[in-house]
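One letter stands for each residue in the lines below.
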Amino acid sequence: MPDRQVRLVHDVRFVSITTGHAREELRYPGITIHRIDGGAVVGETWIPFGPAPTYADDEALLTAWHAALDWSRSPTDSPST
């Protein structure tokens, strides 16, 4: 198993806010990109998306995923062709 891994996980985050005398919970779906080194999570990036993901949502996910994959490569790996 490689020392560095990247995992994508569908995730939902919740934020509680107070509105007047009531407490409201907002739900935000997204994808968390975990950076794992030696079995431990060393970093994460969360990319939110709405009920109908847009082209911009897709581009943000692909950009973050690409950066995480670059991170996961060992300095001795040769570029893939």
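Preceding block: the structure.
Here the structure is a predicted model, which is why all the values come from computation and not from measurement.

**Re the sheet that holds strand β2 (residues 22-37)**
Taking strand neighbours across the sheet as the criterion, the 3 strands line up as β1-β2-β3 in an open arrangement whose pairing is antiparallel. Single-partner strands in this sheet number two, and they are β1 (4-19) and β3 (40-48). Each strand of the sheet is rotated relative to its neighbour by a mean of 35 degrees, with strand direction disregarded. Pairing geometry for β1 and β2, over 16 bridges, is antiparallel. Following the sheet pairing, I17 is matched in β2 by E24. Here helix α1 (residues 55-72) sits on the sheet and contacts β1, β2 and β3; the angle it forms with β2, its principal contact strand, is near 35 degrees.

**Comments concerning the environment of I47**
By the secondary structure assignment, I47 is in strand β3. On the accessibility criterion, I47 (11% relative accessible area) is buried. Sequence spacing of I47 and L62 is 15 residues, and the spatial spacing of their C-alpha atoms is 9.9 Å. Setting aside chain neighbours within four positions, we find I47 in contact with G30, I31, D57, A60, L61 and A64.

**Topic: a nonpolar patch on the surface**
A contiguous nonpolar surface patch, about 340 Å² in accessible area, is contributed by L8, L62, W65 and L69. The leading source of residues in the nonpolar patch is α1, at 3 residues. Along the chain, W65 turns up in helix α1. With a relative accessible area of 36%, W65 lands in the partly exposed category.

**Quick look at the pattern of salt bridges**
One pass over the structure, following the stated rule, counts 3 salt bridges. Across the pair R4 and D37 runs a salt bridge whose closest N-O atoms are separated by 3.7 Å. Here the residue R4 occupies a position in strand β1, and D37 occupies one in strand β2, the gap between them amounting to 33 residues. D37 sits in the partly exposed class, given a relative accessible area of 30%. Connected through shared salt-bridge partners, D11, R13 and E44 make up one network.

**So, the nonpolar core**
Counting 6 residues, the largest nonpolar core consists of I31, I33, I47, L61, A64 and A68. Counting only elements with at least two residues in this core, the list comes to β2 and α1. Top element by residues in this core is α1. It accounts for 3 residues. Not counting the four nearest positions on each side in its chain, I33 is found in contact with V6, R7, L8, G43, E44, T45, L61, A64, W65 and A68.

Criteria and thresholds
Residues numbered from 1 in each chain as written. Predicted model: local features only at pLDDT ≥ 70, side-chain atom pairs only at ≥ 80, totals over all residues. Heavy atoms only, no water. Pairing = 2+ DSSP bridges. Helix = DSSP H or I, 4+ residues; strand = E, 2+ residues; numbered from the N terminus. Axes fitted to C-alpha atoms, helices over the stretch in contact; angles between N-to-C directions. Contact = heavy atoms within 4.5 Å. Buried < 20%, exposed > 50% of the residue type's maximum accessible area, 1.4 Å probe, protein only. Patch = residues over 30% accessible without salt bridge, like charges linked within 9 Å, V, L, I, M, F, W, Y side chains within 5 Å. Areas by Shrake-Rupley, 256 points an atom, 1.4 Å probe, with all protein chains shown as cover. Salt bridge = Lys/Arg side-chain N within 4 Å of Asp/Glu carboxyl O. Core = buried A, V, L, I, M, F, W, Y, C linked by side-chain atoms within 4.5 Å.

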